[in-house]
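# Observations on the three-dimensional arrangement
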Amino acid sequence: MLKRRDFIGSLGAGLALAAGAPLQALAQGKPGLIPGRGVYSAPGLSFSALYVAKRRDLWTANGVDFSIKIVQGGPLAMAALTSGEADFACLTGTDLLIAWDKGIKTLTIAAFTTGLAMQMAARNDWMSKVGITPASPVADKIKALKEARIGVSTIGGGPAQYMKYAATLYGMEERDFKLLAVGFGAARIAALRENQVDVIVGSAPDADEVALLGFGDFYLSFAAEVPAFKEMPYTIMAVTPEFASAKPEAVHAIAKSVGQASDYIQSNFDDSLEMLKAEFPKIDGRAIVRSMERDRATFPRGGLMSEAMWENGIKVAKITEQRGADGDLRRRQALDELLRRHLLEERVGPGRETVHAGRGLLVGSALGEPAVEDEGPGAPSPAAGARPARSRPS
């Protein structure tokens, strides 16, 4: 079991230096840029800021050259991070919470999506069989899944854990759902088309693509239709405390890049859609547009997090029987409150701007566009349009 003092000490020190995350896939390092390696746990639009940052060459602009590769699910992404094979990992919040339950120290430094931008698609023949439609009440759609073969990327990944939690929200047990591992993206869609499963669940735009293909339809949007999932640490970026301490300039730079990319998505939405279409040329562009428009509210300006999303993440961890996690997760919450009460400032190298923490778990808003302007001595303001974290009285 982690000690509270160690938990707060390690995260507090890292967060004073750290923030969001992005990357660029390049074979060799560029002269004059800080090199590094990153992993992400699944393809899809929930990591849109990564693709936008790449297309806008924000990594180079901010002085870093990070290669990135995809791995099969969150557990492998965490393994790459903690073994030193990666400097940062992009994965779901549940992956991080499970790691904390096991005593694995990481720093959550950015949120790619702060609502559960996860969707479901269902076969037309299965919906006819059970007497359900995409327009049916949400409760009926969730309960009907008790009769379904549900395709997920991996049994231990984020979507599987969120499905278990969804069962409990509607009066069922988490074991009532039959979850089958079918892989990501095209493999997941193929499993549905070939009748290996009745429904699939995962990141956008799979469900919208199924609807356009015609053999199934869009079944459920978790962020848009389930109130409990409107604020949730769905996709986040994490580093180790050791990396944050050893390479603060790199963490600062990738934080700034992801904050800028997240802001760009909201401020230049149509242009961002074109970038994402170029990143996913094999996917029908209409599916990308539909998914991004539906989930637009889940992409936070500056990569900002909120206390509410982590509180909801704790509930998921508890309900899905991540035993022992509650104590450690509440230490994370205690840290959040500590940072909110006491503004932390740390200069990252001579001549660089000040990194501000204390407005939540992430300082991405203070690193994005436009530049931060002080409201007074030692008081940073969030980027334009960003949600300021709610401060608790001391």
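The preceding data block contains the structure.
The paragraphs below set out a description of the structure included in this document. Please read these numbers as outputs of a predicted model, since none were measured by experiment. (Residues numbered from 1 in each chain as written. Predicted model: local features only at pLDDT ≥ 70, side-chain atom pairs only at ≥ 80, totals over all residues. Heavy atoms only, no water.)

With that settled, consider the packing of helix 14 (residues 269–279) against helix 15 (residues 285–295). To describe two helices that pack against each other, one gives the angle between their axes and the distance between the axes. Two numbers describe how helix 14 lies on helix 15: the axes approach to 10 Å, and their chain directions differ by 135°. Looking at the two axes, helix 14 sits oblique to helix 15. Crossing handedness for the pair helix 14 and helix 15: right-handed. Contacts between helix 14 and helix 15 involve F269, L273, L276 and K277 on the former and, on the latter, G285, I288, V289, M292 and E293. Here the contact of helix 14 with helix 15 is built from residues that sort into six nonpolar, one polar and two charged. (Axes fitted to C-alpha atoms, helices over the stretch in contact; angles between N-to-C directions. Helix = DSSP H or I, 4+ residues; strand = E, 2+ residues; numbered from the N terminus. Parallel < 35°, antiparallel > 145°, perpendicular 65-115°, else oblique. Left-handed = near helix turned anticlockwise from the far one by under 90°. Contact = heavy atoms within 4.5 Å. Nonpolar A, V, L, I, M, F, W, Y, C, P; charged D, E, K, R; others polar.)

Right, let's get into the sheet that holds strand 8 (residues 199–203). Taken in spatial order, the five strands of this open sheet run 7-6-8-5-9, and their pairing is mixed. One side of each edge strand has no neighbouring strand; the edge strands of this open sheet are strand 7 (178–181) and strand 9 (216–221). Within this sheet the neighbouring strands show an average axis-to-axis angle of 30°, counted without direction. In this structure, strand 5 (residues 118–123) lies alongside strand 8, joined through five bridges in antiparallel fashion. (Pairing = 2+ DSSP bridges.)

Going through the model one piece at a time under the given rule, you end up with nine aromatic pairs. Judged by centre distance (5.2 Å) and plane angle (40°), the ring pair of F66 and F88 falls under tilted. Separated by 22 residues along the polypeptide, F66 in strand 2 (residues 64–70) and F88 in strand 3 (residues 88–92) bring together distant segments of the chain. Each member of the pair, F66 together with F88, is buried. An angle of 55° between the planes, with centres 5.6 Å apart, marks the rings of F222 and F229 as tilted. Assessed through its relative accessible area of 0%, F222 is described here as buried. Note on F229: relative accessible area 0%, which makes it buried. By the ring-pair criterion, three or more aromatic residues cluster together here, those being Y162, Y165, F222, F229 and Y234. A cation sits over an aromatic face here: K141 above Y219, 5.7 Å from the ring centre. In this structure, R296 is placed above the aromatic ring of F269, and the distance from its NZ or CZ to the ring centre is 4.2 Å. (Phe/Tyr/Trp six-rings, centres within 6.5 Å; stacked < 30°, edge-to-face > 60°. Buried < 20%, exposed > 50% of the residue type's maximum accessible area, 1.4 Å probe, protein only. Lys NZ or Arg CZ within 6 Å of the ring centre and 35° of its normal.)

As a further point, take helix 4 (residues 74–82). Buried within helix 4 we find G74, A77, M78, A80 and L81. Taken end-on, helix 4 shows its buried residues confined to a sector of 160°, consistent with a single buried face. In this structure, the buried side of helix 4 is in contact with strand 1 (34–40), strand 3, helix 5 (93–101) and strand 10 (235–239). Where helix 4 terminates, the next one or two residues include G84, which has phi positive at roughly 90°. (Arc of directions from axis to C-beta.)

This part covers the pairing of strand 7. With four bridges connecting them, strand 6 (residues 149–152) and strand 7 associate as parallel partners. When the sheet's bridge partners are listed, G151 is paired in strand 7 with L180.

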